[in-house]
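Each chain, letter by letter, is given below.
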Amino acid sequence: MLRYLSGRLGQSLILLFIVSLIGFFVLSLAPGGPLSQFALSPGMTQEQMDRVAEQLGLNRPIIVQYFDWLTSMLAGDWGTSYRDQQPVLTIIADHLFATMLLMGTATAIAVTVGTTVGIWSAVRRGSVFDYTTTVLAMVALSIPTFWFGLIAIYIFSLELGWLPAGNMYTVGDGSIGDYAVHLILPALVLALVDVAVWSRYMRTATLNVINQDFVRTARAKGLPNRRILFKHIVGNALVPMITLAGLQLPVVLGGALVTETVFTWPGMGRLFLDSLGYSDYPVVMGLLMASAMLVLIGNLAADLIVAVVDPRVRLS
């Protein structure tokens, strides 16, 4: 087990290094560069621009800039924001809770609803319920997330007035109930596509287990259908779904970026777009690395759980 863990950890570190390398060099190729926003300041001369570039270390070769940034990051210094003049880690920490709250709630909804729908679709294969959920899943996968968000705001906020159209809380309130009310729409919109994915995969995994010999043997012994379903079928069908949970993290994180923008949710996704528009590259790189770490940690945790549940994985 220790060997398996060390191998997966080593792969994750290598992948994280590759992500940082590609991200840094891609940002360096962006039009205007990090000095573009400084150039917009009234009365900014070329001499002043050169001085700013020297202070920020932007006049050195790109490979030198990268290794300076990497060394500082490993030492715990992720840089300083060009816009707010605050440490990047502080800015990310201020927005991390909002994103984790949104992603966690959406994932919990998607796993609960998607797993339930997938199991019953497989058990009632060919029924009206099965065909209906299949069509609805295809519709959810075909329509962009931002469209669902705008429709939800129009119906439930503008027309019915049941839920707030955006933000994380009401200024001056900030109670748990107020947070929960603001969380409903963005969490449901973010979970919608994930529910479709989970239901389809769970249906397929359940059907694969239903056709196994040990299930037929359990039925031949006269075991109750309910016991066969929850002890033998669902338990085995959930093993590959643990891996899916790790693979879905980048999808949920990308959906959170769109959802946070539509609902003006103060999370990392909205911060990323704002920082990108301002050419605040230290914050953009910090968010890129933080997102990559979250995804890699999620995948590593999923792989470890699968290895514990299924010994064949770690023995291979």
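Residues numbered from 1 in each chain as written. Predicted model: local features only at pLDDT ≥ 70, side-chain atom pairs only at ≥ 80, totals over all residues. Heavy atoms only, no water.

Brief notes about the overall build of the protein
- Helix and strand content of the protein: 14 helices and 0 strands.
- Starting at the N terminus and walking to the C terminus, you meet the elements of the protein as α-α-α-α-α-α-α-α-α-α-α-α-α-α.
- Across its three principal directions, the C-alpha atoms of the protein cover 85 × 55 × 35 Å.
- Long-range contacts, defined here as pairs at least 24 residues apart, represent 73% of the contacts in the protein between residues at least 6 apart.
- As presented, the protein carries roughly 17,300 Å² of accessible surface, and 67% of it is formed by carbon and sulfur atoms.
- The centroid of the 18 positive side-chain charges in the protein is displaced by 25 Å from the centroid of its 18 negative side-chain charges. (Helix = DSSP H or I, 4+ residues; strand = E, 2+ residues; numbered from the N terminus. Contact = heavy atoms within 4.5 Å. Areas by Shrake-Rupley, 256 points an atom, 1.4 Å probe, with all protein chains shown as cover. Lys, Arg positive; Asp, Glu negative; His and termini not counted. Charge placed at Lys NZ, Arg CZ, Asp CG, Glu CD.)

Observations concerning the nonpolar core
- Of all hydrophobic cores here, the largest spans 34 residues; its most connected members are Leu-102, Leu-190, Ile-233, Met-241 and Trp-265.
- Those elements that provide at least two residues to this core are helix H5 (88–123), helix H8 (176–210), helix H9 (213–220), helix H10 (225–247) and helix H11 (249–262).
- Once you skip the residues sitting within four places of it in the chain, Met-241 turns out to touch Trp-198, Tyr-201, Met-202 and Ala-205. (Core = buried A, V, L, I, M, F, W, Y, C linked by side-chain atoms within 4.5 Å. Buried < 20%, exposed > 50% of the residue type's maximum accessible area, 1.4 Å probe, protein only.)

Considerations on the packing of aromatic side chains
- Counting across every chain of the model gives 10 aromatic pairs.
- Here the aromatic rings of Phe-17 and Tyr-66 are separated by 6.3 Å at their centres, their planes lie at 65°, and the arrangement is edge-to-face. Of this pair, Phe-17 sits in helix H1 (residues 2–28) while Tyr-66 is found in helix H4 (residues 62–74), placing the two residues 49 residues apart along the sequence.
- For Phe-17, a relative accessible area of 37% puts it in the partly exposed group.
- Overall, Tyr-66 belongs to the buried group, its relative accessible area being 0%.
- When the centroid spacing of 5.2 Å and the interplanar angle of 75° are considered together, the rings of Tyr-66 and Phe-67 count as edge-to-face.
- Take Phe-67: its relative accessible area is 42%, and that puts it in the partly exposed class.
- Here a set of aromatic residues connected by ring pairs shows up, and it is made of Phe-17, Phe-24, Phe-25, Tyr-66, Phe-67 and Trp-69.
- Lying over the aromatic face of Tyr-278, Arg-83 brings its terminal NZ or CZ to 5.5 Å of the ring centre. (Phe/Tyr/Trp six-rings, centres within 6.5 Å; stacked < 30°, edge-to-face > 60°. Lys NZ or Arg CZ within 6 Å of the ring centre and 35° of its normal.)

Notes on the environment of Val-258
- On the secondary structure map, Val-258 appears in helix H11.
- Each C-alpha atom, one on Val-258 and one on Val-306, is 31 Å from the other, the two residues being 48 residues apart in sequence.
- Ignoring sequence-local partners within four residues, the contact set of Val-258 consists of Thr-145 and Phe-146.

A closer look at helix H7 (residues 145–159)
- In a regular helix each residue adds 1.5 Å, so 15 residues correspond to 21 Å; H7 covers 20 Å between its end C-alpha atoms and thus fits that length.
- Of the positions making up H7, those classed as buried are Thr-145, Phe-148, Gly-149, Ala-152, Ile-153 and Ser-157.
- On its buried face, H7 sits against helix H6 (128–142), H8 and H11.
- Looking at the residues trailing H7, positive phi occurs at Gly-161, about 70°. (Expected span 1.5 Å × (residues − 1).)

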